[in-house]
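# A structural walkthrough
If you want the building blocks of each chain, they are given just below.
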Amino acid sequence: VRSKSFDTFCPLGPGMVDAATVGDPQRLQIKTWLNGEVVQDGSTSDMVFSVAEIVSFLSKGCTLLPNTVILTGTPSGVGHSRSPP
């Protein structure tokens, strides 16, 4: 089973921004294109748990250092559910 922890399986970038630049983390649009076609289109407002709840939960069991990336999942349209994948 491959996941985001394997080399080349978690593309990030081309840059990262700080929290002040992001604004409200519950109002972010998430869009993915594949060969010019939009295959994922969602919003962080659709998440089951808020960003604050996720950070609070994780920080109870591990140290979150500056620049820690928390991978929460993906909007509908993820590759394994596409035909062909």
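Residues numbered from 1 in each chain as written. Predicted model: local features only at pLDDT ≥ 70, side-chain atom pairs only at ≥ 80, totals over all residues. Heavy atoms only, no water.

### Some points on the confidence of the model for the protein
- Confidence along the protein averages 83 in pLDDT terms, with 84% of residues attaining 70 or more.
- Averaged pLDDT values for the elements of the protein fall to 87 in helix H1 (residues 19–22) and rise to 95 in helix H2 (residues 51–59). (pLDDT = per-residue confidence, 0-100. Helix = DSSP H or I, 4+ residues; strand = E, 2+ residues; numbered from the N terminus.)

### Quick notes on the environment of arginine 27
- Residue position: arginine 27 is located in the loop between H1 and strand E1 (29–34).
- Spatially, the C-alpha atoms of arginine 27 and serine 43 are 6.5 Å apart, while their sequence positions differ by 16 residues.

### Considerations on unusual backbone geometry
- The phi angle at asparagine 35 is positive, at roughly 50 degrees, despite the residue not being glycine.
- For asparagine 35, the position within the fold is in the loop between E1 and strand E2 (37–43).
- On the basis of relative accessibility, which here comes to 79%, the residue asparagine 35 falls in the exposed class.
- The phi angle at asparagine 67 is positive, at roughly 75 degrees, despite the residue not being glycine.
- Structurally, asparagine 67 is set in the segment after H2.
- Residue classification places asparagine 67 among the exposed residues on the basis of a relative accessible area of 70%. (Buried < 20%, exposed > 50% of the residue type's maximum accessible area, 1.4 Å probe, protein only.)

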